[in-house]
Amino acid sequence: KVVAVIMVGGPTKGTRFRPLSFNTPKPLFPLAGQAMVHHPISACKKIPNLAQIFLIGFYEEREFALYVSSISNELRVPVRYLKEDKPHGSAGGIYYFRDLIMEDSPSHIFLLNCDVCCSFPLPDMLEAHIKYGGMGTMLVIKVSAESANEFGELVADPVTKELLHYTEKPETFVSDLINCGVYVFTPDVFNAIEDVSSHREGRANLRRVSSFEALQSATRNLPTDFVRLDQDILSPLAGKKQLYTYETMDFWEQIKTPGMSLKCSSLYLSQFRFTSSHLLASGDGIKNATIVGDVYIHPSAKVHPSAKIGPNVSLSANVRIGAGVRLISCIVLDDVEIKENAVVIHSIVGWKSSIGRWSRVQAEGDYNAKLGITILGEAVTVEDEVVVINSIVLPNKTLNVSVQEEIIL
Ligand code: GDD
């Protein structure tokens, strides 16, 4: 048997995702019309002999209850949310729940970060891991040398694929091969985590302060049950024939900001062409709106036939789109109304917002820039004929004048 664990983090972790994380946990924010965490969950479905999926986080249980019960029914695999009383770190979190994770005596445990967007080639990873042997195999990808320092950088043996060296977000360049945050482990990983925390406990009991210890002080001050997978497990175990790498040639992105969620929504929409084409809208421009490229429209959304939508648009539940509206590259959340002849480009429109007639809400579409996309928080009203460019509008605001490059608090 195999189990999968998805690390969903908690409310203090999602700060870069504001204002979209104010009322929805980031893992439930929709990308291509499905919760962020839905994409790794549905990838887990393809793992042979999958017994259970655990989501581990420190959000309140009630925030995940509805999602977890509906996805369990839909996929016919038990999905359980396990709440930590406090953050234990990416390895400490699975160690805390080791008894539940080991309930079905799995031979392998997948561990996935919730905030990455990729094709999750899990069965291929498992096959590679069984061939390599050792305690774990991690998904890796080559990125540009300039962006590599935002991630864990690593060196792998080109032939055996063994992980030889690992440094988390190094200040000086190590390698353009990086950690994708997707792993498969044998249950031995729990022993490795236990070693770290008992070692730390031992060190905390030492009174003598040597210069070596001063160097290690940042780590020494961590609680003994807080264990990070990257610094505390991957770095020390590199080069010990325990960890291996599996390189993906497919897409991979990290989802830390709203701008990246728009980019990842488009990656998942294009993946739907191969995996879930029934979710993609098609239009004829007569009875249905004109559809350009990959578009997701929730069945309850009402779209005027004279609207033109796409590419990279997803419309959530109960959205109403008026006559002559043009939408390009945007995520429109539940209960939004976009009135006649309005235009929305490179933007995220928050729940229950309303955009007036002949208004424009747009941005340049630089996913990495702070104001590269326009974001309207929950229940924002943009009045008729108002233009909003490269701006972030916090919840419950009404805009009756045009704004550009502004954060409206
Ligand atoms: N439940 C729980 N508890 N989840 C946690 C905790 C915790 O205490 N701490 C982090 N997480 C979750 C986050 O929500 C995220 O999904 C994942 O674990 C990793 O988060 P971080 O530890 O903050 O690391 P990161 O995202 O900055 O970088 C990691 O992932 C990159 C790939 O996206 C590192 O492993 C990098 O090396 C890697 O490149």
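Our subject is the structure that appears above.
It should be emphasised that the depicted structure is a prediction, and the values quoted were computed from it without experimental measurement. (Residues numbered from 1 in each chain as written. Predicted model: local features only at pLDDT ≥ 70, side-chain atom pairs only at ≥ 80, totals over all residues. Heavy atoms only, no water.)

Colleague: Report on the site of the ligand, specifying residues and quantitative values.
Modeller: What surrounds the ligand is a group of 28 residues, the closest being Glu84, Gly89, Glu168, Asn179 and Lys256. The side chain of Glu168 places a nitrogen or oxygen atom 2.6 Å from an oxygen atom of the ligand. With respect to the ligand, the side chain of Lys256 contributes an N or O atom lying 2.6 Å from an oxygen atom. Contributions of two or more residues to the shell around the ligand are made by β1 (2-9), β4 (50-57), β10 (163-168), β11 (177-185) and β13 (252-254). Across the shell around the ligand, the residue classes tally to 12 nonpolar, 9 polar and 7 charged. (Near = heavy atom within 4 Å. Polar contact = N/O pair within 3.5 Å; in protein donor to acceptor, adjacent residues only side chain to side chain. Helix = DSSP H or I, 4+ residues; strand = E, 2+ residues; numbered from the N terminus. Nonpolar A, V, L, I, M, F, W, Y, C, P; charged D, E, K, R; others polar.)

Colleague: Which residues make up the pattern of salt bridges, and what values go with them?
Modeller: A complete count under the given rule lists 13 salt bridges for this structure. In this structure, the salt-bridge partner of Asp225 is Lys86, at a minimum N-O distance of 3.1 Å. Note that Asp225 is positioned in the loop between α8 (217-220) and α9 (229-237) and Lys86 in the loop between β5 (79-83) and α3 (89-96), a separation of 139 residues in sequence. Salt-bridge contacts for Lys263 lead to Glu253; the nearest nitrogen and oxygen are separated by 3.1 Å. With Lys263 in helix α10 (residues 258-275) and Glu253 in strand β13, the pair connects residues that are 10 residues apart, well separated along the chain. According to the relative accessible area criterion, Lys263 is partly exposed, its value standing at 25%. (Salt bridge = Lys/Arg side-chain N within 4 Å of Asp/Glu carboxyl O. Buried < 20%, exposed > 50% of the residue type's maximum accessible area, 1.4 Å probe, protein only.)

Colleague: I'd like a description of the pairing of β10, backed by residues and values.
Modeller: Residues in a regular strand project their side chains so that they alternate between the two faces of the sheet. Inspection of the sheet shows strand β9 (residues 152-156) paired to β10 by 5 bridges, in the antiparallel sense. Of the residues in β10, the one forming a bridge with Gly152 is Glu168. Hairpin remark: β9 followed by β10, antiparallel, with 6 residues in the connecting loop; positive phi at Lys161, about 70°. (Pairing = 2+ DSSP bridges.)

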